[in-house]
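This is what each chain is made of:
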Amino acid sequence: MLPTMSTSGPYTDHRVFFRSATDLAEVADRSVDLIVTSPPYPMIGMWDEVFAEQRPEVADALAAGRGMGAFEAMHGLLDAVWRECRRVLAPGGFLCINIGDATRTVGSSFRLYPNHARVISACSALDLEALPSIVWRKTTNAPNKFMGSGTLPAGAYVTLEHEYVLVFRAGGPRRFAADDRGRRRESAYFWEERNVWFSDQWDLSGVRQSFGAVSPSRDPGRARSGAFPVELAYRLICMYSAYGDTVLDPFLGTGTTTLAAIAAARNSVGFERDPRLAGAMDATVAAGCGVAPAAVSLDGQRDLDVPVPAEAPVNARVRRRLDDHRAAMAEYERNRGAPATHHHNRFDVPVVTRQETDIVLYGVQALALSGVGTKGVDDGAHDPARVYRASHTAMSS
Ligand SMILES: C[S@@+](CC[C@H](N)C(=O)[O-])C[C@H]1O[C@@H](n2cnc3c(N)ncnc32)[C@H](O)[C@@H]1O
C-alpha cells in the first residue's frame, strides 16, 4: 500500500526545483531511496556551454586545446552532484546513472573521453558500491561507420553505439522493516520481467518498449534535449524501489523521470538548473498522462484535479505488464508441459514464484498541479516550483 493516503485514494507527489543540483538543500540526509539520472555528458559538444557557464575553466581549457583539462573540469561539476547524491541516499539506496563516453578532437589530439569510467571512480571514492552496469545499445538512425581513415587499415576507429547505466548502492543491501515487507512484496515484478530487466544489455529503441507518444525517438525536440526513454527510467524504478519510496533525479531535463515515477506510483523529486524547461516538463507529464498540455500548465488552471484516461500512456504501460505476463505464462506452461506452481488471485493468472503472488499494479486516476510563483519558477524560498500530484488506483484483472 502506498503510505500517502487521501479520501480519494493513494497518491504520490512529484516535486520540481529549478536550481543547481550541486546543492540539494531541500532534500534531507538519507531520505531518498533511488536516484535515476542522466547528467550532461562531458566532452559532448552540445553541453560545452552548460558546463562553461558553471565552471569557467572549462572554456579556458577547451580554448587552449587541453582536452583532458576540460574533461576533468566538467567532471568536477558532476562530482559535486554525486557528493550530494551520496548524502541524500538512504542506506541500501541505489544510484543509477545513464552516461555515454565521448570521442572528440581537441587541438590536434583525437581521443576517447571515458565518462563512464570517470564516474565509476568518483562514485566509488564516495563509498558508493559499484554493481554490474547495463549497456544500453542505441540503434543509430544514420550510422556513419567511416570514422577516421575509412576503408584503409590502421587509421579508423569504432563508432560508439552504446551508453551505460551505471548502478551503485549506498552501504550494503537494503533492510526492510517488518512493517515494510508487505509493500515490498506488492512492488515485486514478474519472473519474466526480471529475466529481461536484469540482463546487462538493453535495447530500448523500439516503440513497443517506449511510452508511445513521449518516446524521444519520435520527438526530435526531446532527442535534442538529451532525454532518455521513459521506459529506461520506468524499469529502473521498478527494479530498485518500492511503492511509497522517493526517487530523485538531480538532472531532470524534460521531466522523464517524473513521468516514470508517476507511472510506477513512486514519489519523486527533481532538480533542473534551466527554468526554461518548465514547459517541456509539463508537456512530458501531460503527454504521458493523456491530458491536454494546458491542463498541467501553470499558465492554465491550478490545483485542479484532471482525470487521467484509462488509455493514457502511463496506464497503458502498466496494463501491458499484465498482458505481457499472461502471454509469457502461456508460453512458460506450454514449454513446461504443466501448469505453473503458483497463482496470483487478484489477477487470476499463474506466476512462477511465490514472491509474485502479492504484486499490486497501480493505474493513474487523476493528476493535479500546484506551483509557486507566477511562472512556476523557484522563488529561492526553498519551495518547489512545481508539484504534480497523481492519485492512483489498484488495477484488477
Ligand atoms: C542529459 S539532460 C537530462 C535529460 C533528462 N534525463 C530527460 O529525459 O529529459 C541533463 C540536464 O541537466 C541540466 N543541468 C546541467 N547542469 C545542472 C546542474 N548543475 N543542476 C541541475 N541540472 C543541471 C541540463 O540543463 C539538462 O537539462
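Trainee: I tried to follow the overall build of the protein chain on my own but got confused; where do I start?
Mentor: In terms of helices and strands, the protein chain carries 11 helices and 16 strands. The buried share of the protein chain, taken over its 397 residues, is 40%. A separation threshold of at least 6 residues defines the contact pool for the protein chain, and within that pool the share at least 24 residues apart is 69%.

Trainee: Whenever I open this one, helix α11 (residues 313–336) confuses me. Can you help?
Mentor: In an α-helix, one full turn covers 3.6 residues, which means residues spaced three or four apart are oriented alike. Along its 24 residues, α11 runs 34 Å from first to last C-alpha, staying within 8% of the 34 Å computed at 1.5 Å per residue. Here α11 has its buried residues at Pro313, Val314, Asn315, Arg317, His325 and Met329. Count one or two residues on from α11 and you reach Gly337, which has phi positive near 70°.

Trainee: Any chance you could explain the site of the ligand here in plain terms?
Mentor: Around the ligand, 22 residues are found, and the nearest of them are Gly226, Ala227, Gly253, Thr254 and Thr256. Looking at the shell around the ligand, its residues break down into 10 nonpolar, nine polar and three charged.

Trainee: How should the confidence of the model for the protein chain be read in this particular structure?
Mentor: Detailed reading of the predicted model is not advised wherever pLDDT is low. Per-residue pLDDT for the protein chain has a mean of 89; in total, 86% of the residues score no lower than 70. Note on residues 1–7: pLDDT under 50 across the span, and 14 contacts to partners over four residues away in sequence or across chains.

Trainee: Would you mind showing me how to read the environment of Val158 here?
Mentor: Secondary-structure assignment places Val158 in the loop between β7 (128–137) and β8 (162–170). Take Val158: there are 9 C-beta atoms within 10 Å of it, and that puts it in the exposed class. Once the C-alpha coordinates of Val158 and Gly148 are considered, the two residues, 10 residues apart in sequence, prove to be 9.0 Å apart.

Trainee: Could you clarify how one ought to interpret the packing of helix α3 (residues 67–88) against helix α4 (residues 115–125) in this entry?
Mentor: The angle between the axes and the distance between the axes are what describe a pair of packed helices. Where α3 contacts α4, the two axes come as close as 10 Å, and the packing angle between them is 40°. Here α4 runs oblique to α3, going by the angle between their axes. Crossing angle aside, the handedness with which α3 passes α4 is right-handed. Residues His75, Leu78, Asp79 and Trp82 of α3 lie in contact with α4, whose contacting residues are Arg118, Val119, Ala122 and Cys123. Residues belonging to the contact of α3 with α4 are distributed by class as follows: five nonpolar, one polar and two charged.

Trainee: Mind showing me how you'd approach the packing of helix α8 (residues 230–240) against helix α9 (residues 256–264) here?
Mentor: Contact pair α8 / α9: the axes reach a minimum separation of 8 Å and the direction vectors enclose 50°. When the interaxial angle is binned, α8 and α9 end up oblique. For the pair α8 and α9, the crossing hand works out as right-handed. Residues Val230, Ala233, Tyr234, Ile237 and Cys238 of α8 pack against Thr256, Thr257, Leu259, Ala260, Ala261, Ala263 and Ala264 of α9. Each residue belonging to the contact of α8 with α9 can be placed in one class, and the counts come to 10 nonpolar, two polar and no charged.

Trainee: Just checking my understanding: could you explain the pairing of β7 for this structure?
Mentor: Consecutive side chains along a regular strand alternate between the two faces of the sheet. Two strands pair when backbone bridges link them, and β7 and β8 are joined in this way by eight bridges, in the antiparallel orientation. Note on β8: the bridge partner recorded for Leu128 is Ala170. Here β7 pairs with strand β9 (residues 201–202) via two bridges, running parallel. By the bridge assignment for β9, Trp136 is matched with Trp202.

Trainee: Just checking my understanding: could you explain the environment of Lys138 for this structure?
Mentor: Looking at the secondary structure, you find Lys138 in the loop between β7 and β8. A sequence separation of 24 residues divides Lys138 from His162, and the C-alpha atoms of the two residues are 5.5 Å apart.

Criteria and cut-off values
Residues numbered from 1 in each chain as written. Predicted model: local features only at pLDDT ≥ 70, side-chain atom pairs only at ≥ 80, totals over all residues. Helix = DSSP H or I, 4+ residues; strand = E, 2+ residues; numbered from the N terminus. Buried ≥ 20, exposed ≤ 12 C-beta atoms within 10 Å, placed from the backbone. Contact = placed C-beta atoms within 7 Å. Expected span 1.5 Å × (residues − 1). Near = placed C-beta within 6 Å. Nonpolar A, V, L, I, M, F, W, Y, C, P; charged D, E, K, R; others polar. pLDDT = per-residue confidence, 0-100. Axes fitted to C-alpha atoms, helices over the stretch in contact; angles between N-to-C directions. Parallel < 35°, antiparallel > 145°, perpendicular 65-115°, else oblique. Left-handed = near helix turned anticlockwise from the far one by under 90°. Pairing = 2+ DSSP bridges.

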